[in-house]
Amino acid sequence: MDEHQQTASNTQQSRRRQFTLFASNFLKHPKMLGSIIPSSPFLVRRMLSHVDWERTRVLVEYGPGIGTFTKEILRQMHPDAVLLVLETNKDFVDYINGAFSDPRMQVVHGSAADIQQVLNERELGAVDYVVAGIPFSTLPDVARENILDATRQVISPDGTFLLYQFSPNILPSLHKTFSQVTREFEPMNFLPAHFYRCRP
Ligand SMILES: C[S@@+](CC[C@H](N)C(=O)[O-])C[C@H]1O[C@@H](n2cnc3c(N)ncnc32)[C@H](O)[C@@H]1O
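Residues numbered from 1 in each chain as written. Predicted model: local features only at pLDDT ≥ 70, side-chain atom pairs only at ≥ 80, totals over all residues. Heavy atoms only, no water.

As recorded in an unreviewed UniProt entry, the chain goes by the name Phospholipid N-methyltransferase, listed as coming from Chromohalobacter canadensis.

Below, the structure written as structure tokens:
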């Protein structure tokens, strides 16, 4: 096997390991993951195209899974920016810590519901963008409302909450919580995704 074939084979093995980790966790916690396959590059690109990378200094990601968005955020974000990642699944926390070593990223094993406390502990100010794909439709009403309220409170006045979901059921809660909600749809994903941009 020449060097090129070896690199291609390593990449394939790494993809297979990522898929297995994601799929096996979906089988264990289907309601917490919401999808058996990570987001497509089309969805990642579309959501992140709305980020103003030049002015952004604090980003938060809820539920990175195996880092489909994380990788692209780290690639594009400013050298002085901070990415705070909150993930409830310990397997994914360990994976993210192993796969991405970047001093700009802080990984927390915890829930999006605790965002205010985590920001305070780390003395991080108002957030420019929160990026999320946690499955809100499987959460109890109170938990969903708590996360949305906490998110609105931590986002700076000109910041944005970028969210994708596989059903539009979240829309009334988004309208109740945020002053402005813009909808888009991305068909090129394993489960076609509804995508929302929300201003506080
Ligand atoms: C559909 S997966 C999305 C994974 C990845 N962001 C992607 O787009 O491929 C949802 C992720 O949210 C995580 N999650 C679910 N509830 C959460 C919560 N309350 N706080 C933080 N993460 C949560 C799950 O463990 C899972 O990693």
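**Side note on the overall build of the chain**
Counting its regular elements, the chain contains eight helices and seven strands. The globule rule puts the C-alpha radius of gyration for 200 residues at 16 Å, and the 17 Å found for the chain is close to it. With respect to the principal axes defined by its C-alpha atoms, the chain has extents near 60 × 35 × 30 Å. For the chain, the residues scored as buried account for 48% of the 200 residues in total. Counting only contacts in the chain whose residues sit at least 6 apart along the sequence, the fraction spanning at least 24 positions is 66%. Total accessible area computed for the chain in this model is approximately 10,300 Å², and 52% of it derives from carbon and sulfur atoms. In the chain, the 20 positive side-chain charges and the 21 negative ones have mean positions that sit 5 Å from each other. (Helix = DSSP H or I, 4+ residues; strand = E, 2+ residues; numbered from the N terminus. Rg over C-alpha atoms; globule rule 2.2 N^0.38 Å. Buried < 20%, exposed > 50% of the residue type's maximum accessible area, 1.4 Å probe, protein only. Contact = heavy atoms within 4.5 Å. Areas by Shrake-Rupley, 256 points an atom, 1.4 Å probe, with all protein chains shown as cover. Lys, Arg positive; Asp, Glu negative; His and termini not counted. Charge placed at Lys NZ, Arg CZ, Asp CG, Glu CD.)

**Topic: the site of the ligand**
In the vicinity of the ligand lie 22 residues, with Leu-33, Ser-39, Gly-63, Glu-87 and Tyr-164 positioned nearest. Take Gly-63: an N or O atom from its main chain is 2.9 Å from a nitrogen atom of the ligand. For the ligand, an oxygen atom lies 2.7 Å from a polar atom in the side chain of Tyr-164. At the level of secondary structure, the elements contributing two or more residues to the shell around the ligand comprise helix H2 (30-33), helix H4 (68-76) and strand S2 (82-87). (Near = heavy atom within 4 Å. Polar contact = N/O pair within 3.5 Å; in protein donor to acceptor, adjacent residues only side chain to side chain.)

**A look at the sheet that holds strand S5 (residues 155-165)**
In spatial order, the strands read S3-S2-S1-S4-S5-S7-S6; together these seven strands make up an open sheet with mixed pairing. Sheet topology places strand S3 (105-109) and strand S6 (180-186) at the edges, where each strand pairs with a single neighbour. On average, each strand axis in the sheet is tilted by 15 degrees relative to the strand beside it, whichever way the strands run. Seen against the sheet, helix H5 (residues 90-99) touches S2 and S3 and runs at an angle of roughly 160 degrees to S3. (Pairing = 2+ DSSP bridges. Axes fitted to C-alpha atoms, helices over the stretch in contact; angles between N-to-C directions.)

**Let's talk about the packing of helix H3 (residues 41-48) against H4**
The axes of two packed helices give the description: the angle between them and the distance between them. Between H3 and H4, the shortest axis-to-axis distance is 10 Å and the interhelical angle comes to 45 degrees. On the basis of the axis angle, H3 is oblique to H4. In the packing of H3 onto H4, the handedness of the crossing is right-handed. Of H4, the residues touching H3 (which contributes Leu-43, Val-44, Met-47 and Leu-48) are Thr-68, Phe-69, Glu-72 and Ile-73. Looking at the contact of H3 with H4, its residues break down into six nonpolar, one polar and one charged. (Parallel < 35°, antiparallel > 145°, perpendicular 65-115°, else oblique. Left-handed = near helix turned anticlockwise from the far one by under 90°. Nonpolar A, V, L, I, M, F, W, Y, C, P; charged D, E, K, R; others polar.)

**Some details on the packing of aromatic side chains**
Inspection of every chain in the model, using the stated rule, returns five aromatic pairs. Among the aromatic residues, ring-to-ring pairing joins Tyr-62, Phe-161 and Phe-178 into one connected group. Its guanidinium or amino end placed over the ring of Phe-42, Arg-45 lies 5.8 Å from that ring's centre, counting from NZ or CZ. (Phe/Tyr/Trp six-rings, centres within 6.5 Å; stacked < 30°, edge-to-face > 60°. Lys NZ or Arg CZ within 6 Å of the ring centre and 35° of its normal.)

**A closer look at H3**
Burial in H3 covers these residues: Leu-43, Val-44, Met-47 and Leu-48. Across the axial projection of H3, the buried residues extend over an arc of 115 degrees, all falling on one side. Set apart from the buried face of H3 by more than 90 degrees, the exposed residues are Pro-41 and Arg-45. As for H3, its buried residues are in contact with H4, strand S4 (127-132), S5, S6 and strand S7 (193-199). (Arc of directions from axis to C-beta.)

**Examining the nonpolar core**
Grouped together as the largest cluster of nonpolar side chains are 31 residues, with contacts concentrated most on Tyr-62, Leu-84, Ile-115, Phe-161 and Leu-174. Put simply, the parts of the chain that give this core at least two residues each are strand S1 (58-62), S2, helix H6 (115-121), S4, helix H7 (141-154), S5, helix H8 (171-177) and S7. If you tally residues by element for this core, the top one is H7, at four residues. If we ignore the near neighbours within four places in the chain, the residues touching Ile-115 are Val-60, Tyr-62, Leu-84, Leu-86, Ala-150 and Val-154. Counting residues in each nonpolar core, the second largest holds 25 residues, with Ile-73, Val-85, Val-107 and Leu-162 among its members. (Core = buried A, V, L, I, M, F, W, Y, C linked by side-chain atoms within 4.5 Å.)

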